[in-house]
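# A structural walkthrough
Given next are the chains, with one letter for each unit.
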Amino acid sequence: DQQVKQNSPSLSVQEGRISILNCDYTNSMFDYFLWYKKYPAEGPTFLISISSIKDKNEDGRFTVFLNKSAKHLSLHIVPSQPGDSAVYFCAASSQGGSEKLVFGKGTKLTVNP
Amino acid sequence: KAGVTQTPRYLIKTRGQQVTLSCSPISGHRSVSWYQQTPGQGLQFLFEYFSETQRNKGNFPGRFSGRQFSNSRSEMNVSTLELGDSALYLCASSLEGLRQYNEQFFGPGTRLTVL
């Protein structure tokens, strides 16, 4: 049973445009969400996070939106750059139970020049 | 500050063998987590160690085990290897573990191939 789902395995956008990566979760106990970026042959690197007490968190070109009622979060990258091409993982954790990170399967973003 | 290091980077084993992977966390980090990444399942949590104690465990069989030393370095062992154990094994460290919502820093991983 997949608790964190990234339904789009891949996404292709033009440089300068907005990239929107989506993530859905099923466990209502999740209260902290993270996005990681992964290049080939490297480990994931932390990008941005959001606590369930917020509905938006912004860091430069990256903004994460959280819709708790829909159990949905999204990562917006504006403007997209070719260097953003990577696999993006959504992850979630809950404070009350196990603190392990539960990851989605990732979305491969390709930003075309 | 040095990042998370994992050794070896690549490993080839045959079915039935056992393997030990090593992870050195960022200096000062006390929590070490292990993940398995496969194309079909994505990143799956194996276990987390904090102060030499296993604090969290994922849904993996007992063939997968680990330990953490007093210097926070961690090892992961897989016994009786199966073809399906072929994966990228990632180690991540954080200051106090997710309990404090500290971000995890990942190493480059160990690519294990089981023939």
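The rules we used
One numbering rule holds for all chains: residues counted from 1, following each sequence as written. Chain letters and ligand numbers both follow the written order, the letters beginning at A and the numbers at 1. Since the coordinates come from a predicted model, pLDDT governs what is reported: local features require at least 70, and pairs of side-chain atoms require 80 or more to be given and counted, while whole-chain, interface and lining totals use all residues. Excluding hydrogens and water, the side-chain values take into account all heavy atoms of the structure. Working definition of a nonpolar core: buried Ala, Val, Leu, Ile, Met, Phe, Trp, Tyr and Cys residues. They are joined through side-chain atoms within 4.5 Å. Exposed residues in this analysis have more than 50% of their type's maximum accessible area, buried residues have under 20%, and partly exposed residues fall in between, with area computed by a 1.4 Å probe over protein chains only. The numbering of helices and of strands both runs from the N terminus, where a helix is a DSSP run of H or I of at least 4 residues and a strand a run of E of at least 2. In what follows, residue pairs with any heavy atoms lying within 4.5 Å of each other are defined as contacts. Centres within 6.5 Å are what make two rings of Phe, Tyr or Trp a pair, Trp counting through its six-membered ring; a difference in plane orientation under 30 degrees is then read as stacked, over 60 as edge-to-face, and the rest as tilted. We count a charge as sitting over a ring when the NZ of a lysine or the CZ of an arginine lies within 6 Å of the ring centre and within 35 degrees of the ring normal. Points on a 1 Å grid, built from protein atoms alone, make a cavity when a 1.4 Å probe fits but cannot get out and make a pocket when they are open with protein on both sides within 12 Å along at least 5 of 7 lines; residues with an atom within 4 Å of a point are the lining residues. Grid points are joined across faces, edges and corners, and a volume is the space filled by probe spheres set on the points. All residues other than Ala, Val, Leu, Ile, Met, Phe, Trp, Tyr, Cys, Pro, Asp, Glu, Lys and Arg, Gly among them, are scored as polar; the first ten of these are nonpolar and the last four charged. Two strands pair under a simple rule: DSSP has to find at least two bridges between them. Here the axes come from fitting lines to C-alpha atoms, over the contacting stretch only for helices, and the angles between their N-to-C directions go from 0 to 180 degrees.

Inside soluble globular proteins, nonpolar side chains tend to come together where they are buried. A:F33, A:W35, A:L73, A:L75 and A:Y88 are the most contacted members of the largest nonpolar core, which totals 24 residues. Every element with two or more residues in this core is listed here: strand 3 (19-25), strand 4 (32-38), strand 5 (45-51), strand 7 (62-67), strand 8 (72-77), strand 9 (86-93) and strand 11 (107-112) of chain A. Not counting residues within four places of it along the chain, the set of residues in contact with A:F33 comprises A:Y25, A:I48, A:S49, A:I50, A:L66, A:L73, A:A91 and A:A92. Within the second largest apolar cluster, 21 residues are counted, among which are B:L21, B:W34, B:L46 and B:L112.

The next thing to look at is the packing of aromatic side chains. Any pair of aromatic rings gets described here by the distance separating the centres and the angle formed by the planes. In this structure the tally under the stated criterion is twelve aromatic pairs over all chains. On the numbers, 5.3 Å between centres and 85° between planes, the contact of A:Y36 with B:F106 is edge-to-face. Of this pair, A:Y36 sits in strand 4 while B:F106 sits in strand 10 (residues 105-106), each in a different chain. Like B:F106, A:Y36 is buried. One aromatic cluster is present, built from ring pairs that chain together A:Y36, A:F46, A:F89, A:F103, B:Y35, B:F45 and B:F106. One cation-aromatic arrangement involves B:R55 over B:F50; the distance from NZ or CZ to the ring centre is 4.3 Å.

This part takes up the layout of surface pockets. Volume-wise, the second largest pocket comes out at about 260 Å³. Taken together, 14 residues line the second largest pocket, and the ones lying closest to its centre are A:K38, A:A41, B:Q37, B:L88 and B:R111. Taken together, the residues that form the lining of the second largest pocket break down as six nonpolar, four polar and four charged.

Residues and elements named next belong to chain B. Spatial strand order, 1-3-8-7: four strands in an open sheet with antiparallel pairing. Two strands in the sheet have a free side with no partner beyond their single neighbour: strand 1 (5-7) and strand 7 (64-68). Across the sheet, the axes of successive neighbouring strands diverge by a mean angle of 20°, strand direction being ignored. As paired elements, strand 7 and strand 8 (residues 74-78) share five bridges and run antiparallel to each other. Across the sheet, the residue bridging to G66 is M76, located in strand 8.

Remark: a regular strand shows side chains that alternate across the two faces of the sheet. All names here are of chain B. Of all the eight residues making up strand 4 (residues 31-38), eight are buried; the element is thus mostly covered by neighbouring parts of the structure. Along strand 4, one buried face is formed by S31, S33, Y35 and Q37 and the opposite face, lined by V32, W34, Q36 and T38, is buried too. Bridge analysis of strand 4 against strand 5 (residues 42-50) gives eight bridges, and the strand direction is antiparallel. Its bridge partner lying in strand 5, W34 is registered against F47. Counted between consecutive antiparallel strands, the loop separating strand 4 from strand 5 contains three residues. In this sheet, strand 9 (residues 87-94) lies alongside strand 4 in antiparallel orientation, the contact comprising seven bridges. Each bridged residue has a counterpart across the sheet, and for S33 the counterpart in strand 9 is A92.

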